[in-house]
Amino acid sequence: MQLTQKKSPVNIKAALTLATTTLLGSVSAVGYAQEPQQVTEESSWDFDTAFLYYSESDRVSVAEAIINAKKTFENDEVLNLKLTIDSLTGASANGATAQPNVQTFTRPSGKGSYQTDKNTTPLDDTFRDTRVQFNAQWTQPLAENYTGSAGGHISKEYDYLSLGINSMPSAYGSGESASKELFDATRRTDSDDKTTTDIMLGFTQVINRRMLMQFNYSYSTVDGYLSDPFKVLSVLDSNGYAQDYLYESRPDSRVKQSLFAQTKYHFEQNVVDVSYRYMWDDWKLDSHTIDSRLRVPLTSTSYLEPHLRFYQQSAADFYQPFLTQSSPMPMFASADYRIGEMSAYTIGLKYGMKMSDGN
């Protein structure tokens, strides 16, 4: 099978993943010491809320709200509920190369077209969506030092529905209507499926009264429709001018594996948190992630937490920034820079304060 020109790609979009999203209620086994709650017969509900706004200049913007509710029962059973609502607008690079002339692209559904100015990165301005997701998780003791956890989630976007279930035993070492109309105007109703299965094995160890360590191994397999219907590739002539545009094509399966190690050390006052993750898959893409945080108490009720993260990845074996007329069309190809070779770093600073009412 070779790449073919597609005027009307099917209407499935890969779920957006934001590393900056705050995942409330998903507490790592390696965590900071918390003040014990005084529980009589049964504790009351605890609520956490968060709001995220993320924006790139002339690109995509995201607004997200999260409400997390947690209740611990008298026999240490825990019910966790989380509601997430987010909205995406703006433009996203469509994969084509910049040209010295104006370029015109057909929208993903074939309904209309959009143009890109000369010598600029082509952007797809149909990038908009609204997502509503609900998660439920139940955790209860199984035996001494062992707990069991099971849950599920449902997530709905304009053109993407995700249903999931999970189960995990653990051992301890210690504005929608208007946006929908705009979205529908650029989409068709074809559909396809994909199935994801994730398995993680983890071990957490208390080294001493100041130090915790955690090690994880993760295995993930995905089957089904994995191409991004919004991404295209430019077909260039010998002079580098675009002669055609083809929609990308990716393999219909992917197996990912990763190793993760984390250490937290509590000095007399400060707490350092350092982790390393190595990921590899059968698309020949591998990555290294180093993440570090330093929690510095300012007073008994406030702290600062500087954050430094470095990420580096190789390119998938079918990644190509463009295609050439003189070369045979490959079976798989994508110009999506997210699966290309890249390095990135994040610098952040967090301030926390405990209010007089306990919030």
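Preceding this paragraph is the structure being described.
A. Focus on a nonpolar patch on the surface. Together, Trp-45, Phe-47, Ile-67, Leu-83, Ile-85, Val-132, Phe-134, Ile-154, Leu-161 and Leu-163 line one region of the surface with nonpolar side chains, adding up to about 940 Å² of accessible area. Those elements that provide at least two residues to the nonpolar patch are strand 3 (78–89), strand 8 (129–143) and strand 10 (161–171). Examined against the element boundaries, Phe-134 turns out to sit in strand 8. What makes Phe-134 partly exposed here is its relative accessible area of 38%.

B. Representation of the pattern of salt bridges. Under the counting rule described, the total for this entry stands at 10 salt bridges. Where Arg-338 meets Asp-228, a salt bridge forms, and the shortest distance between an N and an O atom there is 3.1 Å. Pair noted here: Arg-338 is in the loop between strand 19 (323–324) and strand 20 (342–353) and Asp-228 is in the loop between strand 12 (211–224) and strand 13 (232–236), with a separation of 110 residues, a long-range link. You can call Arg-338 partly exposed: its relative accessible area is 42%. Residue Arg-254 is joined to Asp-281 by a salt bridge in which the shortest nitrogen-to-oxygen separation is 2.7 Å.

C. Spatial organisation of the sheet that holds strand 19. Taken in spatial order, the three strands line up as 14-13-19 in an open sheet, and their pairing is mixed. Looking along the sheet, the strands with just one partner apiece sit at the ends: strand 14 (242–247) and strand 19. Sheet analysis places strand 13 next to strand 14, joined by five bridges and oriented antiparallel. Residue Val-235 lies in a different strand from strand 14, and its bridge partner there is Asp-244.

Rules and cut-offs
- Residues numbered from 1 in each chain as written.
- Predicted model: local features only at pLDDT ≥ 70, side-chain atom pairs only at ≥ 80, totals over all residues.
- Heavy atoms only, no water.
- Patch = residues over 30% accessible without salt bridge, like charges linked within 9 Å, V, L, I, M, F, W, Y side chains within 5 Å.
- Areas by Shrake-Rupley, 256 points an atom, 1.4 Å probe, with all protein chains shown as cover.
- Salt bridge = Lys/Arg side-chain N within 4 Å of Asp/Glu carboxyl O.
- Helix = DSSP H or I, 4+ residues; strand = E, 2+ residues; numbered from the N terminus.
- Buried < 20%, exposed > 50% of the residue type's maximum accessible area, 1.4 Å probe, protein only.
- Pairing = 2+ DSSP bridges.

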